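These are the residues of each chain, in order.
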Amino acid sequence: VIIYGDLPKNKENVIYLSNHQCTVDWIIADMLAIRQNALGHVRYVLKDGLKWLPLYGWYFSQHGGVYVKRSAKFNEKEMREKLRAQMKAETPMYLVIFPEGTRYNPEIPKVIADSQSFAEKEGLAILKHVLTPRVKATHVAIDTMKDYLDAVYDVTVAYEGTVDHKGQRKLAPSMTEFLCKECPRVHIFIDRIELKDIPEEQLYMRRWLHERFEIKDKLLIEFYDAKDSKRRNKFPGKSVHSKLSLKKTLPSLLFLGGLTASMLLTESGRKLYVKTWIYGTLIGCLWVSIKP
């Protein structure tokens, strides 16, 4: 894990804005949070359809996640109410938002072309390595929690090994590929932004958010397309090769590994494991359909 920019050592209540390429992006937030002793504070703004994921859909909802629908179906009131409930409960907040709304996938050029056409139509800068960001969820989150937050983290993520032999960007690693070391390094650029530096009105915030994604795009152009090959596969500026000590990782590994093994190695444990998935999923789907 290679970190650039400004990652405070102490945990804060923040909104985390990132580019989105693959499922690994979800755990990048965990990687940063654990370095601030804030791992349990990570919460997500998610696409509404993800609430039907077996077990996880219910878990994310109960852990402060916010499900949102796109475009005209976006329910601003519902999102504000969920965030206010979290603030009232004094819930620590490390709220992850992917403003692009979907993943950047170089193998689906139509999505990229449509995003660029929309930007051109709206008089916005055309972006190459990220999609045109949507502002609604970001605006509602910042506007609702502006007196509760310490900062906004603008995070840009790039994965090594995602360029083909022709020098073209290829698909970011899947979770399995990432865990099997198909991606040797992940590069994370963090820019900590004070709330006072962010426009409050949605129209101006939209322009601000697009400008932030222009900065991301320039960083990624440098990462993938720098004319000097020595400057590729890294972001400009100083970086830190960030490792975690065993005391931060070993206890969780032993606890979860031991718990899972103890269940799978006995017949009663295996039955409990299967029933948990089946009945937990059914109850969870029923729960999120009543109380998202």
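In this text the structure is predicted, and so the values were computed from the model without any measurement.

Draft legend 1. Representation of the packing of helix H3 (residues 76-88) against helix H5 (residues 136-145) within the structure. Where H3 contacts H5, the axes come no closer than 10 Å and their chain directions differ by 40°. The angle between H3 and H5 places the two elements in the oblique class. Once H3 is placed against H5, the crossing between them reads as right-handed. Where H3 approaches H5, its residues Glu-76, Met-79, Arg-80, Leu-83, Arg-84 and Met-87 are matched on the opposing element by Ala-137, His-139, Val-140, Ala-141, Asp-143, Thr-144 and Met-145. In the contact of H3 with H5, the residues fall into seven nonpolar, two polar and four charged.

Draft legend 2. Molecular detail of the side chain of His-187. Here His-187 is to be found in strand S7 (residues 186-193). At 2.8 Å, the side chain of His-187 and the side chain of Tyr-4 are in polar contact. A distance of 2.7 Å separates polar atoms of two side chains, one belonging to His-187 and the other to Glu-160. Leave out the neighbours within four places in its chain, and His-187 touches Ile-2, Tyr-4, Thr-156, Val-157, Ala-158, Glu-160, Phe-223, Asn-233, Lys-234 and Phe-235.

Draft legend 3. Seen up close, the domain arrangement of the protein chain. By domain assignment, the protein chain separates into domain 1 (2-243) and domain 2 (245-291). The distance between the C-alpha centroids of domain 1 and domain 2 comes to 28 Å. Counting from both sides, the interface comprises 12 residues of domain 1 and, opposite them, 12 residues of domain 2. Looking only at domain 1, the three residues that lose the most surface to domain 2 are Trp-52, Leu-55 and Trp-58, adding up to 49% of its buried area. At the surface where domain 1 touches domain 2, the tally comes to zero salt bridges.

The rules we used
Numbers given to residues run from 1 along each chain, matching the order in which its sequence is written. In view of the model being predicted, local features appear only for residues whose pLDDT reaches at least 70, and side-chain atom pairs are presented and counted only at 80 or more, with totals across whole chains, interfaces and linings using the full set of residues. Hydrogens and water molecules were not included; the side-chain quantities draw on all heavy atoms of the structure. Here an axis means a line fitted to C-alpha atoms, over the contact stretch when the element is a helix, while the angle between two N-to-C directions is reported on a 0 to 180 degree scale. What counts as a helix is a DSSP run of H or I of at least four residues, what counts as a strand is a run of E of at least two, and both are numbered from the N terminus. The scheme is simple: roughly parallel for angles under 35 degrees, roughly antiparallel for over 145, roughly perpendicular for 65 to 115, oblique for anything else. Crossing handedness: left-handed means the near helix sits turned counterclockwise from the far one by under a right angle, and right-handed means the same turn made clockwise. Any two residues whose heavy atoms approach within 4.5 Å at even a single point are treated as in contact. Note on residue categories: nonpolar means Ala, Val, Leu, Ile, Met, Phe, Trp, Tyr, Cys or Pro, charged means Asp, Glu, Lys or Arg, and polar means any other residue, Gly included. By the criterion applied in these results, polar contacts are pairs of N or O atoms within 3.5 Å in which, for protein atoms, one can donate a hydrogen and the other can accept it, and in which residues neighboring in sequence qualify only through two side-chain atoms. Each domain's extent was defined by an automatic or database domain assignment. Summed over both partners, the accessible area lost on bringing two parts together, with a 1.4 Å probe, is the buried area. The salt bridge criterion pairs a side-chain nitrogen of Lys or Arg with a carboxyl oxygen of Asp or Glu, the two atoms within 4 Å.

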